[in-house]
Amino acid sequence: MGKTLIRNIGCLQTPVGSYSHKGSKQGINEKYQNTAIVIEDGIIREITSGGREPAAEGFDEVIDAEGKLVTPGLFDGHTHLIFGGYRQHEIAMKLAGADYLDILRAGGGILDTVRKTREASFEELYAKAEAFLDEMLDFGITSCEAKSGYGLDPENEIKMLEVIRALGEKHPMDVVPTFMGAHAVPPEYEGRGDDYIDMMCEELMPEVRRRGLAEFADIFCEDSVFNAEQSRRYLEKAAELGFGLKIHADEIEAIGGSQLAGELHAASAEHLIAIREDGMDSMAEGGTTAMLLPATSFYLGKTFAPAKRMIEKGIPVAIASDFNPGSCPSLNLQFAINLGCLKYRMTPEEVLTAVTINPACGCGRGDLLGTLEPGKQADLVIWNAPDFEMVCYRFGSNLAQHVMKKGVLVK
Ligand code: IZC
Ligand code: ZN
């Protein structure tokens, strides 16, 4: 791979450190003007300061950043990347007045995607998700988390996780695998949610662990899906087996998910649109990252999670896409950045932290990813922008001009 120099960087903006940033730290980024980055074998070796640039001799590749902004590659910490079909027909149902949970209760929504995912072969799911990962890279996203959860039986959950594993091995992106067998109650278990959770805990979760197919376990704790008691049982079993914990909590109704997340020291709690003060207190105490999904609020026509209050309370805030075929059919994390500023009222610095180091830490990758510092992987974006404020301000365009993954330009 050799030695690469990125020279003529107008502004390099990055959080620093390998830990999640909370409270006032959320809004602290380093900003270096007129700098250069030395990369060796995919790892950052040096960031020069004071306008000093190493001589170009001795480098295998020299990249001119043309005076533009460089940031860490974006980390999308919450996606449902693997799915069969799409759900564009739900648009008409929504226009006729149905909301997200109405559609699910009627056997559509997630369950519609489950039918199509069960029908799809490994190869079909792989090819579709591979194209999504290519599109993500094009938007400057260099790592993501990916959940199962549209199989909802042993065969199809394992099929999904094997697709995720194969993508992680073959695609340039780093892909963090999450087991989400408890995404909905499948039709075979209709009205028997407790039995389904028993099957997850006794059969499938241990099998996923044995095969090493996932690092995290996640559950949809929501009105009409899984209650807090079922979520506790599932997550306690997951912790016992060695999974990191994630929980879809307080998306539509606050039924105890965020309290549980904090109590179990979950790595992250997702959504949190309807969170209350006691849920935030529990998360702050448990050290749980808030994985906020503003494009989902936008798409469902909901309010926006109280991100600033969470920062005040000392909860590390991350912003992710929630890419999925139902509540957020967009993987454009740049749009979530715009919403982070405009709807959460977060500063550009707080938002950059929320799409780099905080999701990296929430997904167990803070040691290698999420900042630009010596020793970290050379995952970065050269933006068609002079500063990060421009990325927060422009929306609808793709401002990622060049994208580097593990020291190699992929765009
Ligand atoms: O397919 O609707 N919220 N799970 C929880 C989703 C959205 C994905 C979906
Ligand atoms: Zn989700």
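Everything numeric in this text was worked out from a predicted model, so none of it was measured. (Residues numbered from 1 in each chain as written. Chains lettered and ligands numbered in written order. Predicted model: local features only at pLDDT ≥ 70, side-chain atom pairs only at ≥ 80, totals over all residues. Heavy atoms only, no water.)

Some thoughts on the coordination of the zinc ion (ligand 2)
Okay, so step 1: Coordination of the zinc ion (ligand 2) by the protein comes from H78 (NE2), H80 (NE2) and H248 (NE2), over a distance range of 2.0 to 2.1 Å.
Okay, so step 2: Its relative accessible area of 2% is what places H80 among the buried residues. (Donors = N, O, S within 2.8 Å, 3.2 Å for Na, K, Ca; no water. Buried < 20%, exposed > 50% of the residue type's maximum accessible area, 1.4 Å probe, protein only.)

Considerations on the packing of aromatic side chains
Okay, so step 1: In total, this model carries 10 aromatic pairs according to the counting rule given.
Okay, so step 2: Look at F122 and Y126: their rings are 6.2 Å apart centre to centre, the planes differ by 20°, and that puts the pair in the stacked class. You can see F122 and its partner Y126 sitting in helix α4 (residues 122-138), four residues apart, about one turn around the helix.
Okay, so step 3: Residue Y126 is classed as buried on the basis of its relative accessible area, which comes to 12%.
Okay, so step 4: Three or more aromatic residues joined by ring pairs form one cluster here, namely F83, Y86, F132 and F323.
Okay, so step 5: Lying across the ring of F59, K3 places its NZ or CZ 5.2 Å from the centre. (Phe/Tyr/Trp six-rings, centres within 6.5 Å; stacked < 30°, edge-to-face > 60°. Helix = DSSP H or I, 4+ residues; strand = E, 2+ residues; numbered from the N terminus. Lys NZ or Arg CZ within 6 Å of the ring centre and 35° of its normal.)

Things to note about the site of ligand 1
Okay, so step 1: Near ligand 1 the following residues occur: R87, Y100, I110, Y150, H183, F220, H248, E251, N324 and S327.
Okay, so step 2: A distance of 2.9 Å separates an oxygen atom of ligand 1 from a polar atom in the side chain of R87.
Okay, so step 3: Against a free-state accessible area of 260 Å², the protein chains account for coverage of 100% of ligand 1.
Okay, so step 4: Most atoms of ligand 1, that is more than half of them, are within 2 Å of grid points of the largest cavity.
Okay, so step 5: Here the residues of the shell around ligand 1 sort into four nonpolar, four polar and two charged. (Near = heavy atom within 4 Å. Polar contact = N/O pair within 3.5 Å; in protein donor to acceptor, adjacent residues only side chain to side chain. Areas by Shrake-Rupley, 256 points an atom, 1.4 Å probe, with all protein chains shown as cover. 1 Å grid on protein atoms, 1.4 Å probe; cavity = no way out; pocket = protein on both sides within 12 Å on 5 of 7 lines; lining within 4 Å. Sits in = over half its atoms within 2 Å of the grid points. Nonpolar A, V, L, I, M, F, W, Y, C, P; charged D, E, K, R; others polar.)

Things to note about the domain arrangement of the protein chain
Okay, so step 1: Along its sequence, the protein chain is organised into domain 1 (3-73 + 371-409) and domain 2 (75-362).
Okay, so step 2: On a C-alpha basis, the centres of domain 1 and domain 2 stand 29 Å from each other.
Okay, so step 3: At the junction of the two partners, domain 1 supplies 39 residues and domain 2 supplies 33 residues.
Okay, so step 4: When the area that domain 1 buries against domain 2 is broken down by residue, the three leading residues are Q26, C392 and K405, summing to 24%.
Okay, so step 5: Between domain 1 and domain 2 we count two salt bridges in total.
Okay, so step 6: Our enumeration of links across domain 1 and domain 2 arrives at 18 residue pairs in polar contact (both at pLDDT 80 or more).
Okay, so step 7: Only β1 (3-14), β5 (69-72), β14 (380-383), α15 (388-393) and β15 (400-405) provide two or more residues apiece to the side of domain 1 that touches domain 2.
Okay, so step 8: Counting residues per element, the side of domain 1 that touches domain 2 draws most heavily on α15, which supplies five residues. (Domains from an automatic or database assignment. Contact = heavy atoms within 4.5 Å. Buried area = accessible area lost by both parts, 1.4 Å probe. Salt bridge = Lys/Arg side-chain N within 4 Å of Asp/Glu carboxyl O.)

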